[in-house]
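# Observations on the three-dimensional arrangement
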Amino acid sequence: MSGRDDGSALLEVQGLVVTYPVRRGIVGALRRRPRRYVHAVDGVSLTVRTGEMLALVGESGCGKTTTAQAILGMVPTVSGEIMFRGEDVTALGPRAMRPIRRKMQLVYQDPYESLDPRFRVRATVAEPLRIHRVGGSKDDRDRRVVDALQRAEMQPPELYADRYPHELSGGQRQRVAIAASLVLDPELLVADEPVSMLDVSVRAGVLSLIDGLRRRGDVGVLMITHDLSTAAHFADRIAVMYLGRIVEEGPAREIVRDPRHPYTKALLSVVPKRDPRDRTTPQILSGETPNPVDVPSGCRFHPRCPVAEDRCRSIDPRLAPVEPGRGDHSAACVLVSGEGEVRMMAGDSSGGT
Amino acid sequence: MSSPLLEVRDLHVWFDLPRHRELHAVQGVSFELEAGDRLGLVGESGCGKTTAILAVMGLLPPSASVAGSVLLDGENVLVGGEDSVRPHRWVDVAMVFQGAMNALNPVKTVASQIAEPMELHGTASGADARRRAGDLLEMVGIGAEAGERYPHEFSGVMRQRAAIAMALACGPKLLLADEPTTALDVMVQAQILELLVALTKDLGLTLVLVTHDLPVVAQVCDRAAVMYAGEIVESGPMDALFHEPRHPYTRLLFAATPDLYGEDEVLSIPGAPPRLDEPLVGCPFRPRCDRAFDRCVTEHPSPKPVAERHMAACHLNDVPAASA
Amino acid sequence: MSRLFIEPGLADAEPSKRARGSLLWDVVRERPSAAIGAALLGTFVLIAVFARLIEPYGIHQQVGPVFQRPSAHHWLGLDDGGVDMVSLLIEGARISLTVGFAAALVATFIGGGIGVLAGYFGGWTDVVLMRITDYFLVVPDVPLMIVVAAIWGPSLFHIIVVIGILLWTTTARIIRAQVKSVRERVYVKRARSLGAGNFRLIFRHVLPQVAPLMIANVVLTIAVAIFDETALAFLGLGDPTSTSWGTIIEHAFLRTAMSRGAWWAIVPPGVCVALVVMGCYLLGQAIEDALNPRLRVAHLSVKTFRLRPLAGRSEEAV
């Protein structure tokens, strides 16, 4: 299988903002209380190249799943650009989006729920072909289904094609779901916590499968996960999100071994290690992630930050290289970027420039 | 020498299935706990770990039948079924359930729910129970005044903390925690685990932590028992399990778990656990084992001591100069 | 691409012929009440289908004196016209079941359609359709049926339509609730995000999932429809040219069977109605129970686990 890596960015997101209105309730609506918004994603920029895996890491509610949904056109964006192969897809209507959606596929978290229990494996994998009217004859479709099952390492495909989901194990179901995403020959795979519902012993297999697909140069992968260990093992780059923003981004090894942002440091310190001799004192942040309706002023991490200074209350730091001239590792913290570009918190919080 | 706090001997649990079939969920589990121990009960879904501790609590449904003995301070609490477990449940042994968010009654204040088991078991009543509930909430880090609020006003972590406070209501000696952090983010997971460890140290509580997450056990427990297909295949000090595993499943399970700084390739274990509704012949792990040999096909390995307080059920340990 | 992921015991097993959803068969196999219900209903359906072949005498043929007692020749005696009761009951089964099944299908078609549309599209569609359903729900069925049947005139077709358009409301509400939950399932969302249209989503993903519930509803509606038809016929609003169980009862009642002590002319059709209705309820209820996991929760029971002596580990250890 030939790769299609031409070095250019497959997906380029710039200053993405997604908000949801907050329910006001009847009393609020009657009092004409102003409608408030949750800034689920508040100025996110990221790039995925063909053959690359980017892990978007963060705690629940940090906006990582909303980012993925916005990229796939499943939720409307407020501002920002989503360039897929150089074309801004935020401006496209559903009809124009259709051929592009074929090239971006989502792998869902829970393979116990994402497969129709009444569909045999063959029908599940063939469904995208039918929907997009790809593959003229039945023979042609069958060939593509078998091919996709093979790429998902369901060997031999004939053994599985006529089974129902309840006859498969969790790992096999996720492989079927991956096969169903591969059948349209996508260029971007968005994997939303692809193994969190699977047993530990089969997780590595599913992750290696996704890893292999991108290493062969077929696809670029955006993996959404809360598990830093998994991200460290399989991704090229890690982007850490906190409260709708990317706070640190860089090569996976570097993020794990040399984190710069205080949030990343704390997050890494609480990940349990396998080796019982390696019991480090976790740096436990008190409290929970604040509600994204009331984003703290200045640096949004400052109320929980162990090293926050006075200026952190007022300065909203933007992502900047951790060292001058280093484009590949950046953090959004005034203490890291030093004199790096900072800007005052203006009246709006719409991120970007 | 005094008897151990908890001793489980040859525990079996069967579940009725339609058409007169049975699921042999727990197949002869034995382990013991000294006061103050922190034991991790590790295994994948369906291995029987939750069923085993529900049996200890006497909380199995009518479709279950149980054999074996559960000795609490030397007294067999299983001998008379529900009637002999009830006096101990919540008083001597308490449990924190998986998804504890749903274990709270939405229409009662949190403090009154913590006071309830005290009144039921007669350990405290009225104002006394209320005061104790406040103390417990303080202890789990919520604060006594939060007790007057309702569960829906709590966040996920606070509910989990409240559920722990509820388990501690009658001052049990043994706390069974079933996947207490599975649905939580790492940061709050760390908070809950820190709390559990602190409680065992401050109150001299004995903890059984049931989880599928090996690193969590590695960080929290001194000892662990690894379950597979309804049996404990290896148990021993956590350190020995990681550095010198004597059962291939333990070794492969660690190898399948990614570590933040690990350099080795993460490998999955091919295949799936056996069905427990059919009799097993030979070693249950054999079809997935990378070191299986002819003896594993026919002979069921029983747990044997391999080192100090370290047991493993694997034929490889009988072969000289071969270790799992 | 060389790794094999064949599970032990899976490679040699045949893929099953049926989806997990073919639960109708499982329900009948596992629940005695369902089996009894299915047997009752099945027997009457067979009788109705082969009615013309098994009727021992003609249904317009006088074979003896009026209200003759049951005898070896005529097991259930004769009616007011000297016609064999067994033959009449068999003919009655044919008509009553036809009306019941047809009316239930009409009701399920309307109710299922409205339920699916309201549940699937939600929003204003849902609000409007459910308001209409509410109006139909509060209209008293039997009086309206009487009025409509009286206006349209007595004919079998009219009876079927009248019953059908009055019985769909429950089905609509139940199906709507189920569809609302199914459309939120991840696999439906996945198909939608793939670009599947509403038609495909409804017919390929949603309907198959609510089909068992619809079948349970059809069965329960048949019972109500047969009951209603009997009531209408008894009130003289049935089709005079056909013989249903209701018309048999009506005739016997009008021709003073009661005062003459001719119980055999009036009790057997009533028993037939009761048996069919019971069969439908047993079967329909069993299917509904099987579909609703909340009714199967074990820990609500006050019973607890059982102890079992351990007969040595020898059996397991072999």
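Residues numbered from 1 in each chain as written. Chains lettered and ligands numbered in written order. Predicted model: local features only at pLDDT ≥ 70, side-chain atom pairs only at ≥ 80, totals over all residues.

Next up on the list: the overall build of chain C. The secondary structure content of chain C amounts to 13 helices and 1 strand. Each helix and strand of chain C, placed in order from N terminus to C terminus, yields the pattern α-α-α-α-α-α-α-α-α-α-α-α-β-α. Here chain C holds 318 residues, and the buried ones make up 41% of them. (Helix = DSSP H or I, 4+ residues; strand = E, 2+ residues; numbered from the N terminus. Buried ≥ 20, exposed ≤ 12 C-beta atoms within 10 Å, placed from the backbone.)

Scanning chain B for helices and strands turns up 10 helices and 12 strands. At 20 Å, chain B has a C-alpha radius of gyration in line with the 20 Å of a compact globule built from 324 residues. Viewed in the frame of its principal axes, chain B has a C-alpha envelope of about 65 × 50 × 45 Å. Out of the 324 residues belonging to chain B, those deemed buried represent 54%. Long-range contacts, defined as pairs at least 24 residues apart, comprise 62% of the intrachain contacts of chain B with a sequence gap of at least 6. (Rg over C-alpha atoms; globule rule 2.2 N^0.38 Å. Contact = placed C-beta atoms within 7 Å.)

So, about the sheet that holds strand E4 (residues 79-84) of chain A. Strand pairing in a sheet relies on backbone hydrogen bonds. The paired strands run either parallel or antiparallel. All names here are of chain A. If you walk across this open sheet you meet the 4 strands as E2-E1-E4-E5, and the pairing is antiparallel. The two strands at the open ends of the sheet, each matched to only one other strand, are strand E2 (37-49) and strand E5 (87-88). Sheet topology places E4 next to E5; 2 bridges connect them, and they run antiparallel. Bridged to Met-83 within E5 is Asp-88. Each of strand E1 (9-21), E2 and E4 is contacted by helix H2 (residues 64-71), which is oriented at about 115° to E1, the strand it contacts most. (Pairing = 2+ DSSP bridges. Axes fitted to C-alpha atoms, helices over the stretch in contact; angles between N-to-C directions.)

Turning next to the interface of chain B and chain A. Contact residues are listed per partner, giving 34 residues for chain B and 32 residues for chain A. The set of elements that each furnish at least two residues to the side of chain B that touches chain A consists of helix H6 (186-203), helix H7 (214-220), helix H8 (238-243) and helix H9 (248-255) of chain B. The element that contributes the greatest number of residues to the side of chain B that touches chain A is H6 of chain B, accounting for 6 residues.

Looking now at the sheet that holds strand E12 (residues 320-321) of chain A. Residues and elements named next belong to chain A. Strand order in the open sheet made by the 8 strands is E6-E7-E8-E3-E9-E10-E13-E12, with mixed pairing throughout. Looking at strand neighbours, the two that pair on one side only are strand E6 (104-107) and E12, the edges of this open sheet. The pairing of strand E9 (residues 237-242) with strand E10 (residues 245-251) spans 6 bridges and is antiparallel. Bridge pairing in E10 places Met-241 opposite Ile-246. Contacting E9 and E10, helix H11 (residues 262-269) runs over the sheet at an angle of about 105° to E9.

All names here are of chain C. Mapped onto the secondary structure, Gln-68 falls in the loop between helix H3 (51-54) and helix H4 (85-121). The exposure class assigned to Gln-68 is partly exposed, which follows from the 18 C-beta atoms found within 10 Å. Sequence separation of Gln-68 and Gly-42 is 26 residues, and the distance between their C-alpha atoms is 31 Å.

Residue and element names in this part refer to chain C. Within the secondary structure layout, Ala-104 lies in helix H4. The exposure class of Ala-104 is buried, given the 28 C-beta atoms found within 10 Å. Taking the C-alpha atoms as reference points, Ala-104 and Arg-176, 72 residues apart in sequence, are found 18 Å from one another. Here Ala-104 is in contact with Val-218, Thr-221, Ile-222 and Ala-225, once residues within four sequence places are set aside.

Now for the pairing of strand E2 (residues 21-33) of chain B. Pairing analysis gives 10 bridges linking strand E1 (residues 6-17) of chain B to E2 of chain B, with the strands arranged antiparallel. Bridge pairing links Leu-6 of chain B to Leu-33 of chain B in E2 of chain B.

Given a rise of 1.5 Å per residue, 16 residues ought to cover 22 Å, and the 23 Å separating the end C-alpha atoms of helix H8 (residues 200-215) of chain A matches this to within 8%. Packed against the buried residues of H8 of chain A are strand E3 (53-57), helix H7 (170-182), strand E7 (188-192), strand E8 (220-225) and helix H9 (228-234) of chain A together with H9 of chain B. Positive phi shows up at Gly-217 of chain A, right after H8 of chain A, with a value of about 85°. (Expected span 1.5 Å × (residues − 1).)

Another aspect to go through is the packing of helix H3 (residues 110-121) of chain B against helix H4 (residues 126-139) of chain B. Residue and element names in this part refer to chain B. The N-to-C vectors of H3 and H4 enclose an angle of 120°; their axes lie 8 Å apart at closest approach. Here H4 runs oblique to H3, going by the angle between their axes. The chirality of how H3 crosses H4 is right-handed. Residues Ala-111, Ile-114, Ala-115, Met-118 and Glu-119 of H3 form the contact with H4, whose own contacting residues are Ala-129, Arg-130, Arg-132, Ala-133, Gly-134, Leu-136 and Leu-137. The class makeup of the residues in the contact of H3 with H4 is 8 nonpolar, 1 polar and 3 charged. (Parallel < 35°, antiparallel > 145°, perpendicular 65-115°, else oblique. Left-handed = near helix turned anticlockwise from the far one by under 90°. Nonpolar A, V, L, I, M, F, W, Y, C, P; charged D, E, K, R; others polar.)

Right, let's talk about the confidence of the model for chain C for a bit. The predicted coordinates of low-pLDDT regions are not to be read in fine detail. Residues and elements named next belong to chain C. Mean pLDDT for chain C: 83, with 86% of residues reaching 70 or above. For the stretch residues 17-21, pLDDT sits under 50, and the model shows 8 contacts to residues farther than four places along the chain or on other chains. Interface confidence in the predicted complex, given as ipTM, is 0.88; pTM for the same model is 0.84. (pLDDT = per-residue confidence, 0-100.)

Going from Gln-155 of chain A to Pro-156 of chain A, the amide bond is cis rather than trans, its omega being -15°. Here Pro-156 of chain A is to be found in the loop between helix H5 (138-151) and helix H6 (157-161). For Trp-90 of chain B, which is not glycine, the phi torsion reads 75° and is therefore positive. Position of Trp-90 of chain B among the secondary structure elements: in the loop between helix H2 (82-85) and strand E6 (93-96). The phi dihedral of Ala-229 of chain B falls on the positive side, at around 50°, and the residue is not glycine. Positionally, Ala-229 of chain B belongs in the loop between strand E9 (223-228) and strand E10 (231-237).

What follows is about the pairing of E10 of chain A. Residue and element names in this part refer to chain A. The element E10 is extensively covered by neighbouring structure, given that 6 of its 7 residues are classed as buried. Remark: 2 residues form the turn of the hairpin made by E9 and E10, two consecutive strands paired antiparallel; Leu-243 in that turn has positive phi of roughly 50°. One ladder, built from 2 bridges, connects E10 with strand E13 (residues 330-331); its direction is antiparallel. The partner of Glu-248 across the bridge, within E13, is Ala-331.

Residues and elements named next belong to chain A. Burial of H2 is extensive: 8 of the 8 residues sit out of reach of the surface. Taken as a whole, H2 has its buried residues at Lys-64, Thr-65, Thr-66, Thr-67, Ala-68, Gln-69, Ala-70 and Ile-71. Immediately beyond the C-terminal end of H2, within one or two residues, lies Gly-73, with a positive phi of roughly 75°.

Bringing the environment of Tyr-120 of chain C into the picture now. All names here are of chain C. Along the chain, Tyr-120 falls in helix H4. On the basis of neighbour count, Tyr-120 is assigned to the buried category, with 20 C-beta atoms found within 10 Å. Distance in space between the C-alpha atoms of Tyr-120 and Asp-79 is 53 Å, their sequence separation being 41 residues. Not counting residues up to four positions away in its chain, the partners in contact with Tyr-120 are Val-179, Arg-183, Ile-202 and Val-206.

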